[in-house]
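What the coordinates show
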Amino acid sequence: MIKENKNTTNTAKIANLAKELVNLTVTEVNELTIILKKDYGLEYNHDHQNITETVPINQEKENLRYNMILKSSGTSKLAVVKLIKEITGRGLKDSKELVDSVPTTIKESLNKEEAELLKKKFEEIGAEIELIN
């Protein structure tokens, strides 16, 4: 009885798979591409001419960084100045200058959770905030 080498078996499998792939029609290649992207998170990278793993969309959004833009201080300018002072560590004068020069960036490179939390605080005191990624 001849025992088959595991590497020989794997090589044969890969050779058969390659043969099947080369003989796929354009439609079959498109279907395979969709399955690889949808089910396995893989897609063809046109720039590097190879297959790369993609970051799932929901994870990608979680990793985004946001800049917080003050669009309007609303009716309570003093409360907005105090909140800017609190969250940025700036002095009262610098915080007031930020409020006076709307639209202006208050904080940069915030994660989604922190950006949403701070936005809510500003909106509770009547300020208008925009998050940009």
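Residues numbered from 1 in each chain as written. Predicted model: local features only at pLDDT ≥ 70, side-chain atom pairs only at ≥ 80, totals over all residues. Heavy atoms only, no water.

Considerations on helix H5 (residues 92–100)
- Looking at H5, one finds that the buried residues are Ser95, Leu98 and Val99. Seen along its axis, H5 keeps its buried residues to an arc of 100 degrees; they face one direction. (Buried < 20%, exposed > 50% of the residue type's maximum accessible area, 1.4 Å probe, protein only. Helix = DSSP H or I, 4+ residues; strand = E, 2+ residues; numbered from the N terminus. Arc of directions from axis to C-beta.)

Concerning the confidence of the model for the chain
- Put simply, the chain has an average pLDDT of 81, and 79% of its residues get 70 or more.
- A low-confidence stretch, residues 46–50 stays under pLDDT 50, and its non-local contacts, those more than four residues away or across chains, total 4 contacts. (pLDDT = per-residue confidence, 0-100. Contact = heavy atoms within 4.5 Å.)

Some remarks on the pattern of salt bridges
- One pass over the structure, following the stated rule, counts 4 salt bridges.
- Between glutamate 130 and lysine 71 there is a salt bridge, with the nearest N and O atoms lying 3.2 Å from each other. Taken as a pair, glutamate 130 in strand E5 (residues 128–132) and lysine 71 in strand E3 (residues 66–72) lie far apart in primary sequence, 59 residues in all.
- The partly exposed category is assigned to glutamate 130, whose relative accessible area is 32%.
- Of the charged contacts, one joins aspartate 100 and lysine 77 as a salt bridge, the two residues approaching to 2.5 Å between their closest N and O atoms. Here lysine 77 lies in helix H4 (residues 77–88) and aspartate 100 lies in helix H5, a separation of 23 residues in the sequence.
- When its relative accessible area of 35% is taken as the criterion, lysine 77 is described as partly exposed.
- When salt bridges with common partners are traced through the structure, they connect Lys77, Lys96 and Asp100 into a single cluster. (Salt bridge = Lys/Arg side-chain N within 4 Å of Asp/Glu carboxyl O.)

Observations concerning the packing of H4 against helix H6 (residues 112–124)
- As a packed pair, H4 and H6 sit with axes 10 Å apart at the nearest point and diverge in direction by 155 degrees. With respect to H6, the axis of H4 lies roughly antiparallel. Once H4 is placed against H6, the crossing between them reads as right-handed. Each of Val80, Leu83, Ile84, Glu86 and Ile87 in H4 lies in contact with H6, whose residues at this interface are Leu118, Lys121 and Phe122.
- In terms of residue class, the contact of H4 with H6 is made up of 6 nonpolar, no polar and 2 charged. (Axes fitted to C-alpha atoms, helices over the stretch in contact; angles between N-to-C directions. Parallel < 35°, antiparallel > 145°, perpendicular 65-115°, else oblique. Left-handed = near helix turned anticlockwise from the far one by under 90°. Nonpolar A, V, L, I, M, F, W, Y, C, P; charged D, E, K, R; others polar.)

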